[in-house]
Structure formats: C-alpha cells, structure tokens
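Observations on the model geometry
Now for the letters of each chain:
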Amino acid sequence: MRNFSTWLLACFMVMYWVFRIMVALMAQLHQDFFIVPVNETMEIVLLFVVLVCLVLVVKRKIVGALIYLLAYGMYFGTDIMTKITTLIDGSSQLGLNDYTALIISLIGIILPIAVLLDLLADKNRKAHPKDKKTDWFYKNEAYDRKLDDRADKNNYRTL
C-alpha cells in the first residue's frame, strides 16, 4: 500500500465499518438512532465479512474488493431500490431519516466501487507482480546473509 488513495480508502472503509457497528449495536439495544438497519441479522454477518475483506484489500487482493462490492451491493442495493422507487412513485412521503438512510446506503455502494477501481488501477501491483519462481532468490535476505557470512571467512594471507 504505497498509494495515498489506497490509504484513504482503507481509512474510509474502517470508518464506515465502525459506523455500521454503531448502527447494529443501537438496533440490538433498541435505542433510537437516525439509521435503522435493513436486516439486523444480515448486518451482523456483513460486519464480519467486511472485516475479512478489509484485510484482503490492505493486502492488495482483488478478491477482497470483489467480495466487498458483492456483499455491500446485495445488502444496500435492495434498500436503495426500494427507497428510490418510493421516491419516484410518490406513493408515500419519505422523512428525513429515510433520506439520511438513502445517502448512507449510497455511500455503502460508492465505497466498494472506489476500492475496486483503486485496486484495478494500481500500477505498482501490475509493474511488480509476485513471481514465486524468482522471488525466493532476489528477495531472500537470509540467503544474502548466508553468502555474506561465508565471504567473511576467507582469510588469505597477503605477503
């Protein structure tokens, strides 16, 4: 993680994850909070899935970003669609809490897309891929130390 954008996205992922923990905790404690989870059980499962995805994204694995996008897309996508169709139909009035939940759900969709695009556009990952056939030799400090120790034992006398 050498890019500043990657660090920022990882920080936003952690902040959004902590916010979702607060939402789930308030729902479990039956306290009034301005956001109500769509499904409390799925919210808790999603928190653990996102924790694993966060580790994978920090390790620069595209699989983590794809799982992150898929999980949040399935969870927040239905909420966004129901709120937007309600807004378009005009059948019922949305309150301030509904608009806030819509914006939070939009952030929940935009963040995984940005993480996936950042991983796909990372030039450093493409320029320096890991090659298991050669990395053991070129990136092995223990092998270099072994050679250095062996080279120091050659004590030839000079006349």
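Look above for the structure.
Bear in mind that the values here come from a model prediction, so they are computed numbers and not experimental data.

Rules used throughout
- Residues numbered from 1 in each chain as written.
- Predicted model: local features only at pLDDT ≥ 70, side-chain atom pairs only at ≥ 80, totals over all residues.
- Heavy atoms only, no water.
- Core = buried A, V, L, I, M, F, W, Y, C linked by side-chain atoms within 4.5 Å.
- Buried < 20%, exposed > 50% of the residue type's maximum accessible area, 1.4 Å probe, protein only.
- Contact = heavy atoms within 4.5 Å.
- Salt bridge = Lys/Arg side-chain N within 4 Å of Asp/Glu carboxyl O.
- Helix = DSSP H or I, 4+ residues; strand = E, 2+ residues; numbered from the N terminus.
- Expected span 1.5 Å × (residues − 1).
- Bend = angle between axes of the 7 residues up to and from the residue.

Membership of the largest hydrophobic core comes to 26 residues, with the highest contact counts inside it found for M13, Y16, Y68, Y72 and V115. Not counting the four nearest positions on each side in its chain, Y16 is found in contact with Y72, F76, I104, S105, I107, G108 and L111.

Glancing now at the pattern of salt bridges. Note on pairing: side chains with opposite charge can pair once their charged atoms come close. A full pass over the atoms with the stated rule returns three salt bridges. With a closest N to O distance of 2.8 Å, R20 and E43 form a salt bridge. In this pair, R20 sits in helix α1 (residues 4-28) while E43 sits in helix α2 (residues 40-58), placing the two residues 23 residues apart along the sequence. For the pair formed by R20 and E43, the shared burial category is buried. With a shortest N-O distance of 2.8 Å, K83 and D79 are connected by a salt bridge. On the criterion of helical spacing, the pair formed by K83 and D79 is a turn pair, its members being four residues apart in helix α3 (residues 62-89). Like K83, the residue D79 is buried in the burial classification.

On to α3, then. Its 28 residues place the ends of α3 38 Å apart at the C-alpha level, agreeing with the 40 Å of an ideal helix rising 1.5 Å per residue. Where α3 bends most, the angle comes to about 30°, and this point is F76. Of all the positions in α3, only G64, A65, Y68, A71, Y72, Y75, F76, D79, I80 and K83 are classed as buried. Looking at the buried positions of α3, the neighbouring elements they touch are α1, α2 and α4 (96-120). Within two residues after α3, G90 carries a phi angle of roughly 70°, on the positive side.

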